[in-house]
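# Results of the structural survey
So you can see what is in the structure, the chains are spelled out below.
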Amino acid sequence: MIDDLQLIRASLADVSFDNLVAETSIESNHFKLYEVKLPEYFKGLPEKWFFAILSLHRVALDPLNYAEIIVEGKRIIDTCKKQEKLPLVFITDALSQNLEQVLDDTRGDIFFMDRTQLPDEFREKSHVRDVPLITVARKKLQRKNTSHLLNPYSPNMPAGGWRFFGRRYVLNHILQSSSNCLILGSRRIGKTSILFEAFRQLSAAGYSAHYVGVQSLRSYGEIVEAFIRELSPRDAYQAQRESQQLGTNLLSSVINRLTKDEKKQIVIILDELGNVMQRDHRNPWLFFGVLRDLSHTGKVRVLASAFQEVFLQTYNDASSPLNNFGSRIEVGLFSKVDVEELIIDPLSIWYEIEDKDQLLLHIQSKFGFHPVVLQHLGDYIFSKIFLSSDKNIMTHIENALGQDIRYFSQACQDIFTTNHSLLEKYLFLKCCSEAREAARELSAVEMTQGSLKNTLLAFDILSTLEERNYFLYRLGLKGLFCQDESNALIFRVATPIVYYYLISCNNIQEMMLDYELEIPNVIKDIKITYQHEGS
């Protein structure tokens, strides 16, 4: 007779697994509950699972006990749902009873295993998709059409926790540094996901982290008000009173209240800070000067994100409070390592990928490595493959490029329509059209400051070399183009799926003609102001 740990090890095909603790908040006479942290090679699944073990060494399954066990099992399911202690796995080594027949739930994140699915003598499987837990889960997800509950992709919201992939260098820099960090990146490139995950991990490590989403705020004063809401009513009153009586800056008083009982450095996270900087034209020293002084004391650390030109200009101004305020981290397209972690690893848990390198090259040449595109692609494959009899991932990728290309409409809207100027859109369509006419990959056409100059002159737009280089630098951060890996002066199309989507529902030549007629009326130079730019 084997014990609980052996049963869990067998379900994971891991003879040395021991990362579990007893779950004591749910009482049970017959089941023993555990909180289990899955090993790292299950990347792409929730990190924390809950196991309910019914072992013959603990209870005899006579008819009376069996009735009590069914009632208890149903209560455990209801309690775990309410307390969000899911996924939940029931394991029993009783060969005579099948708990799944009487306890199975419509949810796709409650699973059942018995001795028939656990080998008497097991050795570690060659791949995670072959372990008993994944085999059982895969069968249920295919049968119940509930794969969305274990879907690792979140294309329409910030990613965090077990759904956070890639960006390891950026995240490690934030977590290991003690200085301020300013994250620079275009909208929908993943800045918020990075800050959310940093907030989660810093909080778990015991830091007093305070996250303020600045997207909808219009002034520095509204940021201070958001900090005040982080205080208790008593501390909020004391901070405001202290500021009035002593004539001190209210922000300083509020943050001093936040730090008064903290032994660790507090971390202030300001997401999309450029929005307020663009709307509030008062002297930035009134706000950033206070944060600068407090961070110099070591009590406070600031993490912020932005992209607007006003932020860059302030950061580069030697007389501004942002000069030498902290390290600047540029966030752009995913690397191949990031894409492998986001696409290859999670899908490999469930189904075999025959040639990972070929798949990566295909994704790069047809979709690109923009995070929002990859999130949509992963979500598409994950939702389709469980329902289809064809488990070949390449088949579903081809369908995404063909009959289901409209699935990417929102991603293309976010990247192309919302995030780029008329001139930038025109340059993208021009490069893609030239590649198509020459029967070449879209990324084969080169754009340099020289070719940019010629295009501008066609519109009677004069520019300096410095202006063109800066224009291309900014363009490379926004996702449609990227710098060539071997020559930083050359830019190439980086997000081909946008063009494939556009040609599926537009006449590209008509679009380009419309841009050619409109650009001279609205664009006189390429000096970047982005007065209405969102991040």
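Use the structure listed above.
Presented here is an overview of the structure given in this document. (Residues numbered from 1 in each chain as written. Predicted model: local features only at pLDDT ≥ 70, side-chain atom pairs only at ≥ 80, totals over all residues. Heavy atoms only, no water.)

## A short note on the overall build of the protein chain
Regarding its fold elements, the protein chain presents 22 helices and 12 strands. Along the first, second and third principal axes, the C-alpha set of the protein chain runs to 90 × 70 × 35 Å. When burial is assessed residue by residue, the protein chain has 54% of its 535 residues classed as buried. Contacts in the protein chain between residues at least 24 apart in sequence constitute 72% of all its contacts with a sequence separation of at least 6. A total accessible area of about 24,400 Å² is found for the protein chain, and carbon and sulfur atoms account for 47% of it. (Helix = DSSP H or I, 4+ residues; strand = E, 2+ residues; numbered from the N terminus. Buried < 20%, exposed > 50% of the residue type's maximum accessible area, 1.4 Å probe, protein only. Contact = heavy atoms within 4.5 Å. Areas by Shrake-Rupley, 256 points an atom, 1.4 Å probe, with all protein chains shown as cover.)

## Re the layout of surface pockets
Reported here for the largest pocket is a volume of approximately 900 Å³. Around the largest pocket, the lining is made up of 30 residues, and of these Leu-333, Phe-334, Cys-482, Gln-483 and Glu-485 lie nearest the centre. As a volume, the second largest pocket reaches approximately 640 Å³. Residue lining of the second largest pocket: 30 residues in total, with Pro-46, Glu-47, Lys-48, Gly-161 and Trp-162 positioned closest to the centre. Breaking the lining of the second largest pocket down by element, the ones donating at least two residues are strand S1 (20-22), strand S2 (32-37) and helix H6 (191-204). (1 Å grid on protein atoms, 1.4 Å probe; cavity = no way out; pocket = protein on both sides within 12 Å on 5 of 7 lines; lining within 4 Å. Points joined across faces, edges and corners; volume = space filled by probe spheres on them.)

## Description of the packing of aromatic side chains
One pair of aromatic rings is described through two measures. These are the centre distance and the angle between the planes. According to the stated counting rule, one finds 23 aromatic pairs in the structure shown. Their ring planes at 25° and their centres at 6.0 Å tell us that Trp-49 and Phe-111 sit as a pair that is stacked. Of this pair, Trp-49 sits in strand S3 (residues 48-54) while Phe-111 sits in strand S5 (residues 110-113), and the two are 62 residues apart along the sequence. On the basis of relative accessible area, Trp-49 is assigned to the buried category, the value being 1%. Taken together, the ring pairs connect Tyr-153, Phe-165, Trp-350, Tyr-351, Phe-382 and Phe-386 into an aromatic cluster. The lysine or arginine in question, Arg-138, covers the ring of Tyr-351, its NZ or CZ lying 6.0 Å from the ring centre. Over the aromatic face of Phe-111 sits the side chain of Lys-140, whose NZ or CZ is 5.8 Å from the ring centroid. (Phe/Tyr/Trp six-rings, centres within 6.5 Å; stacked < 30°, edge-to-face > 60°. Lys NZ or Arg CZ within 6 Å of the ring centre and 35° of its normal.)

## Thoughts on the state of the cysteines
Counting across every chain of the model gives 0 disulfides. Of all cysteine sulfurs in the structure, the one in Cys-431 sits closest to Cys-432, which takes part in no disulfide; the separation is 6.9 Å. Relative accessible area serves as the criterion here: at 0%, Cys-432 is assigned to the buried category. Unpaired in terms of disulfides, Cys-505 finds its nearest cysteine sulfur in Cys-412, a separation of 8.2 Å. Accessibility expressed as a relative area gives 33% for Cys-505, which makes it partly exposed. (Disulfide = S-S within 2.5 Å.)

## A closer look at the packing of helix H17 (residues 409-417) against helix H21 (residues 496-505)
The interhelical angle for the contact between H17 and H21, taken along N-to-C directions, is 115°, at an axis separation of 10 Å. Here H17 is positioned roughly perpendicular relative to H21, judged by the angle of their axes. For the pair H17 and H21, the crossing hand works out as left-handed. Taking contact as the criterion, the partners of Ser-409, Cys-412, Ile-415 and Phe-416 in H17 are, on H21, Ile-497, Val-498, Tyr-501 and Leu-502. (Axes fitted to C-alpha atoms, helices over the stretch in contact; angles between N-to-C directions. Parallel < 35°, antiparallel > 145°, perpendicular 65-115°, else oblique. Left-handed = near helix turned anticlockwise from the far one by under 90°.)

## Side note on the side chain of Arg-187
With respect to the secondary-structure elements, Arg-187 resides in the loop between strand S6 (181-184) and H6. Notably, Arg-187 is buried but unbridged: the nearest opposite-charge side chain belongs to Asp-414, and the N-O separation is 4.0 Å. There is a polar contact of 3.3 Å between the side chain of Arg-187 and the backbone oxygen of Asp-414. (Lys, Arg positive; Asp, Glu negative; His and termini not counted. Salt bridge = Lys/Arg side-chain N within 4 Å of Asp/Glu carboxyl O. Polar contact = N/O pair within 3.5 Å; in protein donor to acceptor, adjacent residues only side chain to side chain.)

## A word on the environment of Val-212
Among the secondary structure elements, Val-212 is positioned in strand S7 (residues 208-213). Looking at Val-212, the relative accessible area reads 4%, which means it is buried. Along the sequence, Val-212 and Ser-186 sit 26 residues apart, while their C-alpha atoms lie 19 Å from each other. With near-sequence residues (within four places) excluded, Val-212 lies in contact with Leu-217, Ala-226, Phe-227, Ile-269, Leu-270 and Asp-271.

## Digging into the sheet that holds S3
On the basis of which strands lie adjacent, the open sheet formed by 5 strands has the order S1-S2-S3-S4-S5 and mixed pairing. Strands at the two margins of the open sheet, each flanked by one partner only, are S1 and S5. The mean angle between the axes of side-by-side strands here comes to 25°, regardless of whether they run parallel or antiparallel. Pairing geometry for S2 and S3, over 6 bridges, is antiparallel. The residue of S3 that forms the bridge with Leu-33 is Ala-52. (Pairing = 2+ DSSP bridges.)

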